[in-house]
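# Observations on the model geometry
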Amino acid sequence: MAGKRTAKNIKFEEALAELEAAVEKLESGDLPLEEAIEEFQRGTELSKICLEKLNKAKTAVQKLVVSPVNDEDYHTEDFDEPDEED
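Residues numbered from 1 in each chain as written. Predicted model: local features only at pLDDT ≥ 70, side-chain atom pairs only at ≥ 80, totals over all residues. Heavy atoms only, no water.

Counting residues in hydrophobic clusters, the biggest one holds six residues: Ile 10, Ala 15, Leu 19, Leu 46, Ile 49 and Cys 50. Looking at this core, the elements with two or more residues in it are helix H1 (12–28) and helix H2 (33–60). Counting residues per element, this core draws most heavily on H2, which supplies three residues. (Core = buried A, V, L, I, M, F, W, Y, C linked by side-chain atoms within 4.5 Å. Buried < 20%, exposed > 50% of the residue type's maximum accessible area, 1.4 Å probe, protein only. Helix = DSSP H or I, 4+ residues; strand = E, 2+ residues; numbered from the N terminus.)

Structural data, given as structure tokens:
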């Protein structure tokens, strides 16, 4: 898998697309064992990359709130954490 892009220079969308392609290859069941292991390892790496990029984006994203008293009074708030569903 030489030549694959690393976490430092791959965009989220590219990492996600590559991860989806790796999953499809693995789900097909047509890969020899060695290639399946390589795809799995790359998929794990891509999953971590995507999660890191999403976490960075999450910390950067805030929502804009308009004051109910004065609609010209704007401020930002962090997004609330969604409740985890089991």
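Further notes follow.
What follows covers the pattern of salt bridges. Applying the stated criterion across every chain, the model contains three salt bridges. Its salt-bridge partner being Arg 42, residue Glu 18 comes within 2.8 Å of it at the nearest N-O pair. Of the two residues, Glu 18 is situated in helix H1 and Arg 42 in helix H2; the sequence distance between them amounts to 24 residues. What makes Arg 42 buried here is its relative accessible area of 6%. Between Glu 45 and Arg 42 there is a salt bridge, with the nearest N and O atoms lying 2.8 Å from each other. On the criterion of helical spacing, the pair formed by Glu 45 and Arg 42 is a turn pair, its members being three residues apart in helix H2. For Glu 45, a relative accessible area of 35% gives the class partly exposed. Within this structure, Glu 18, Arg 42 and Glu 45 form a network of salt bridges that share partners. (Salt bridge = Lys/Arg side-chain N within 4 Å of Asp/Glu carboxyl O.)

By themselves, these observations are geometric and do not establish any function.
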